[in-house]
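Residues per chain are reported as follows:
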Amino acid sequence: MRTLREMGIATVAVYSDADRTSLHVRMADEAVHVGPSPSAESYLRLDRILDAARQTGSEAIHPGYGFLSENAEFAAACEEAGIMFIGPSARSIEAMGSKTAARKAAIAAGTPVVPGTAHDIDLPQARQFGHEHGYPILLKAVAGGGGKGMRRVDREDDLESALRDAASEAERSFRNAEVYIEKLIDRPRHIEIQLLGDRHGNMVHLGERECSIQRRHQKVMEECPSPLVALHPEMRAAMGEAAIRAARAAGYYNAGTVEFLVDEERRFYFLEMNTRLQVEHPVTELVTGLDLVRLQVEIAAGGRLPFSQEEITWRGSAIECRIYAEDPYNNFLPYPGKLTRLTRPLGPGIRLDGCVYDGWTVPMEYDPLLAKLAVWAADRQQAIERMIRALREYDVGGIRTNVGFFRQILEDEHYRDGKLHTGFIEEFFERQGPPTEPEEMRAVAALAAVLHTAGRNGHTGEAAQAASSAWLTAGRDALLR
Amino acid sequence: MKLELTINGTANSFEMVNPAPDCRFRLADGPETAAQVEMPEPGVYSVLVGGRSYDARVEETPGGLVVVIDGHRFEIDVRDPRRRSRKAAGRRGEGAQEITAPMPGKVIRVLVQAGDPVKAGQGLVVVEAMKMQNELKAQRDGAVVRITAREGATVAAGEVLATIE
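Keep in mind the model is a prediction, meaning the values are calculated, not measured. In every chain, residue numbers begin from 1 and rise along the written sequence. Each chain takes a letter, starting from A, and each ligand takes a number, starting from 1, following the order in which they are written. The model is predicted, so local features are restricted to residues of pLDDT at least 70 and side-chain atom pairs to those at 80 or more, both for listing and for counting; the totals for chains, interfaces and linings are taken over all residues.

Trainee: Explain the overall build of chain B to me, please; I cannot follow it from the model alone.
Mentor: A run of H or I in DSSP counts as a helix once it spans at least four residues, and a run of E counts as a strand once it spans at least two, with each numbered from the N terminus. Summing up its helical and strand segments, chain B has zero helices and 16 strands in all. Counting other C-beta atoms within 10 Å of a residue's C-beta gives its exposure: the residue is buried at 20 or more, exposed at 12 or fewer, and partly exposed in between, where C-beta atoms are placed from the backbone. A total of 165 residues make up chain B; the buried ones form 33% of that total. For chain B, contacts bridging at least 24 residues in sequence account for 41% of all contacts bridging at least 6. Note on contacts: each residue gets a C-beta atom placed from the backbone, and two residues are in contact if those atoms are within 7 Å.

Structure below.
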């Protein structure tokens, strides 16, 4: 929305019941209600979204991420309705949207892929795969991501029940029970390439992002450049070219990301392609100095890429932390609820994208993502220090967040050495428990609690003797001002 | 003047020797500490101890007070010893545990019933919210006095689901 404002383009927000007071509604020029809180009755209703566009006379729709952003049917419906879909063609979404179809396209383009099946499998086929490639293997949903419909299998005996569970979870999450199979790579790094193509056949890569720090197969920290690629810079061009080849094979244009797994020998394998802008795009924007949303809009309107591959430069280092309302020390239990206080980090090199404001209530109907906090600095070490500083300034009250957890990770030696892989968080918890506080701090906390109770109860009760009358009165006066 | 506090689940005594703003106090068996305290904003306490500066923000939640200092979180319950329940009297560090819903959700399963003995860490009630199931556990050994949670019921944050003693 900020980019559209800068471009002088009017914005329309669509919202469900739960999101009536969400920041995007408040920022937009117009807003249209699209249904009750459950996504299936609002944000996933193609008809309602299109109605909202027609009713407001909108010329284009930016699908964001999640929901309908990778829905080929929706992109096609927009095309038919004469409304510009800011993204790739419906055909290329289809080609790359199904994991198995994407694998096929990548193989055809000569891009290395993780050993696996190019089609959904049944139990006998799964057994056969296990015999040929050995265990461990990974069952994955053909139609989805985010860790849903995914099961690791270490032994053939576990295969039958794992397949059943994966299929039913996939059915519930994506309305498609198809499951395919891949060889599981040990301690892989998740490194992805940002692509940008116009409708005149030009395509460039904007470098890589490392997104290995994940929980429940969801990314929580991302950075650009990847610490591995920083040590082996030739990987960027190699992966970039492989990504472009795969995307071109699908006739892709606009913004998209090709995800790779990188093994311990630095071999990279095509994992999947995301046919949309991604949550973590800010780290690429910070390091390349580009506004990807602006470029998306210009491309959708028929513009050419304003630069060639050689003109793209990467400067400095950026890190992003996804701030969630959850308790990492209690299995990442979500914490919906009302924000009672908010102090945002400011100062040089800070970028905060989010929908949070003081007094907002985190709805329980959706993912508890509050904001994306990104920092840029001259090198990775300084970016780490800057992020720690920013997290210290980021004060969110009333709900629990993972801010303290990120601070611990950023202080961690393995993280600082760039020794990342997708099992990082699990291993981290084996090394570290929740942060312990200094004894004196604990005592001060106790004192504050006692004084607060005294102030609340006025001049009665035991706690009242904790503070002099004058102090209590002065405090209450401050509260009443 | 002595108070009883529970800090992040652990019981501590607290003694205020001299009142604010020039406090002298003692937490449990710790040293007597001098602290200069001001309240620059409502609910915010600027505490200076031996020249060290602490900024403590206090939030009131359904489950008690939460004090946050430099990102560290302390859940603190301040109890007046004279109003302590008779059942808990004489048993230091113990007393009724109320198991509350940490957030709005739905009770999926109740794992115990009134009268059952429970051990610290044992699962009592499973609540679902935001597509995740979470098992609420007993903090200390005891016995179930009362289960107020009903399977299938929607609960609000802070709602008491079970009482253990």
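Trainee: I'm lost on the interface of chain B and chain A in this one. Help?
Mentor: If you look at the interface, chain B gives 47 residues, while chain A gives 41 residues. Broken down by element, the residue count for the side of chain B that touches chain A peaks at five residues, all from strand β6 (residues 52-61) of chain B.

Trainee: Quick question: what am I supposed to make of the pairing of strand β10 (residues 105-110) of chain B here?
Mentor: Residue and element names in this part refer to chain B. Both β10 and strand β15 (residues 154-155) contribute to a ladder of two bridges, which runs antiparallel. Bridging from a neighbouring strand, Lys106 pairs with Thr154 of β15. Any two strands with at least two DSSP bridges between them are considered paired. Pairing of β10 with strand β12 (residues 123-129) involves four bridges; the strand directions are antiparallel. Pairing of Lys106 across the sheet is with Glu128, part of β12.

Trainee: Sorry, what's going on with the sheet that holds β15 of chain B here?
Mentor: Across a sheet, strands are paired by hydrogen bonds formed along the backbone, either parallel or antiparallel in direction. Spatial strand order, β13-β12-β10-β15 (chain B): four strands in an open sheet with antiparallel pairing. A strand with exactly one partner marks an edge of an open sheet, and here the two such strands are β13 (132-137) and β15 of chain B.

Trainee: I keep staring at unusual backbone geometry and nothing clicks. Help me out?
Mentor: Generally, phi is negative for residues other than glycine and the peptide bonds are trans, each holding for most cases. Of note, the amide linkage connecting Tyr135 of chain A to Pro136 of chain A takes the cis form, showing an omega dihedral of 5 degrees. Position of Pro136 of chain A relative to the elements: it lies in the loop between α7 (123-133) and β5 (137-141). In this structure, the amide linkage connecting Cys224 of chain A to the following residue, Pro225 of chain A, adopts the cis form with an omega of -5 degrees. Mapped onto the secondary structure, Pro225 of chain A falls in the loop between β10 (218-224) and α9 (227-231). Positive phi, close to 50 degrees, is recorded for Asp70 of chain B, a residue that is not glycine.

Trainee: It is not clear to me how the sheet that holds strand β18 (residues 350-354) of chain A should be interpreted in this structure. Could you clarify?
Mentor: All names here are of chain A. Strand order in the open sheet formed by eight strands is β12-β11-β8-β9-β10-β13-β20-β18, and the pairing between neighbours is antiparallel. The open sheet terminates on both sides in strands that have one partner only, identified here as β12 (268-274) and β18. Sheet twist, expressed as the mean angle between neighbouring strand axes with direction ignored, is 25 degrees. Of the strand pairs in this sheet, strand β11 (residues 254-262) and β12 are connected by six bridges, and their pairing is antiparallel. Paired with Glu259 across the strands is Glu272, a residue of β12. Only the contacting stretch of a helix is used when fitting its axis, a line to C-alpha atoms as for every element, and angles between N-to-C directions run 0 to 180 degrees. Of the strands in this sheet, β8 (189-197), β9 (203-215), β11 and β12 are in contact with helix α10 (residues 234-249), which crosses β9 at around 105 degrees.

Trainee: For this particular structure, what's the right way to read the nonpolar core?
Mentor: Among soluble globular proteins, nonpolar side chains are generally buried collectively. As used here, a nonpolar core is made of buried Ala, Val, Leu, Ile, Met, Phe, Trp, Tyr and Cys residues. They are joined through C-beta atoms within 7 Å. Within the largest apolar cluster, 80 residues are counted, with the highest numbers of intra-cluster contacts made by Ala166, Val179, Ala243, Ala246, Ala247, Val258 and Phe260 of chain A. Sort the elements by how many residues they give to this core and α10 of chain A lands first, with eight residues. Counting residues in hydrophobic clusters, the runner-up holds 57 residues, among them Ala318 and Met364 of chain A together with Ala101 and Val118 of chain B.

Trainee: Sorry, what's going on with the packing of helix α4 (residues 72-81) of chain A against helix α5 (residues 90-97) of chain A here?
Mentor: Helices that pack against each other are described as a pair by the angle of their axes relative to one another and the distance between those axes. Residues and elements named next belong to chain A. At a minimum axis distance of 8 Å, the contact between α4 and α5 shows a crossing angle of 175 degrees. Relative to α5, the element α4 lies roughly antiparallel. Counted together, Ala72, Ala75, Ala76 and Glu79 of α4 and Ala90, Ile93, Glu94 and Gly97 of α5 form the full contact between these two elements. Residues of the contact of α4 with α5, tallied by class, amount to five nonpolar, one polar and two charged. Oblique is the label for every angle not falling under 35 degrees (roughly parallel), over 145 degrees (roughly antiparallel), or within 65 to 115 degrees (roughly perpendicular). Classification convention: Asp, Glu, Lys, Arg as charged; Ala, Val, Leu, Ile, Met, Phe, Trp, Tyr, Cys, Pro as nonpolar; all other residues, Gly among them, as polar.

Trainee: Before we go on, may I ask you to explain the environment of Gln296 of chain A in this structure?
Mentor: Residues and elements named next belong to chain A. Among the secondary structure elements, Gln296 is positioned in helix α12 (residues 292-300). For Gln296, a count of 20 C-beta atoms within 10 Å translates into the label buried. Along the sequence, Gln296 and Leu277 sit 19 residues apart, while their C-alpha atoms lie 8.8 Å from each other. Once residues within four sequence positions are removed from consideration, Gln296 is found in contact with Ile86, Asn254, Ala255 and Leu277.

Trainee: Looking at this model, I keep getting lost on helix α11 (residues 281-288) of chain A. Mind explaining?
Mentor: Because each turn of an α-helix spans 3.6 residues, side chains separated by three or four positions end up pointing in the same direction. In terms of burial, α11 of chain A is a largely internal element, seven of the eight residues being buried. Among the residues of α11 of chain A, His281, Pro282, Val283, Thr284, Glu285, Leu286 and Val287 of chain A are the ones counted as buried.

Trainee: Help me understand the environment of Tyr253 of chain A, please; the structure alone is not making it clear to me.
Mentor: Inspection of the secondary structure assignment puts Tyr253 of chain A in the loop between α10 and β11. Classification of Tyr253 of chain A by C-beta neighbours within 10 Å gives buried; the count is 24.

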